[in-house]
Amino acid sequence: MEDRYLCKARPIGTRKQWVTGFYAVLGEKTVIIVNEPEQFYDVDSGKNSSGNKIVEVIPKTVCWCTGASDKNGKLIFENDILSGHIDDEFPEDETRKRVVWHENGWCTNEPGCDDYEELDDFDSENFEVISNMIDNPELLEVRL
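Structural notes, computed from the coordinates.

What follows covers the environment of Glu141. By the element assignment, Glu141 lies in the segment after strand 13 (128-132). Between the C-alpha atom of Glu141 and that of Glu110, which follows or precedes it by 31 residues, the distance is 9.9 Å.

Of the voids in this model, the largest pocket is the one considered here, and its volume is about 180 Å³. Lining the largest pocket are 13 residues, with Lys8, Trp18, Thr20, Lys74 and Phe77 sitting closest to its centre. Listed by contribution, the elements that provide at least two residues to the lining of the largest pocket are strand 2 (19-26), strand 8 (75-77) and strand 13. In terms of residue count, the dominant contributor to the lining of the largest pocket is strand 13 (4 residues). Of the residues that constitute the lining of the largest pocket, the class distribution is 6 nonpolar, 4 polar and 3 charged.

Ranked by size, the top nonpolar core spans 8 residues in total: Ala68, Ile76, Leu82, Val99, Trp106, Leu119, Phe127 and Val129. If we ignore the near neighbours within four places in the chain, the residues touching Leu82 are Ile76, Thr95, Arg96, Lys97, Val99, Thr108, Leu119, Phe127, Glu128 and Val129. With 7 residues, the next largest nonpolar core counts Ala9, Val19, Val31 and Val57 among its residues.

Thresholds applied
- Residues numbered from 1 in each chain as written.
- Predicted model: local features only at pLDDT ≥ 70, side-chain atom pairs only at ≥ 80, totals over all residues.
- Heavy atoms only, no water.
- Helix = DSSP H or I, 4+ residues; strand = E, 2+ residues; numbered from the N terminus.
- 1 Å grid on protein atoms, 1.4 Å probe; cavity = no way out; pocket = protein on both sides within 12 Å on 5 of 7 lines; lining within 4 Å.
- Points joined across faces, edges and corners; volume = space filled by probe spheres on them.
- Nonpolar A, V, L, I, M, F, W, Y, C, P; charged D, E, K, R; others polar.
- Core = buried A, V, L, I, M, F, W, Y, C linked by side-chain atoms within 4.5 Å.
- Buried < 20%, exposed > 50% of the residue type's maximum accessible area, 1.4 Å probe, protein only.
- Contact = heavy atoms within 4.5 Å.

These figures come from the coordinates and say nothing about function on their own.
Structure follows, in structure tokens:
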């Protein structure tokens, strides 16, 4: 599966579950994700589903894959929140930033900052995905 064509979203009627797969639209309003068997976990039954699924999702939760991975190898998606400790002299200092599409590419943006930086190898080597803006927007609140 080509990572750059993946997206993730929340199925209608769920609060914590996410599905990952390919984006499609059926009719005028229905947004769906077609999932690989190992990527869909059925909360009701507690089992992994077999066979591909077509799942109706909440359109505003659709997050596109950037094609990049964090320092742990986890794919980075739009709206993800990245965390890193980039100054060895001050390991308690944490840098957090969100992943967004800005102008012509995937970028990161730190809370309280108007600048955007290209999502690059530095991010992949030094940052990890800790959550996303949909589940935990408070993680990007400016801390004083």
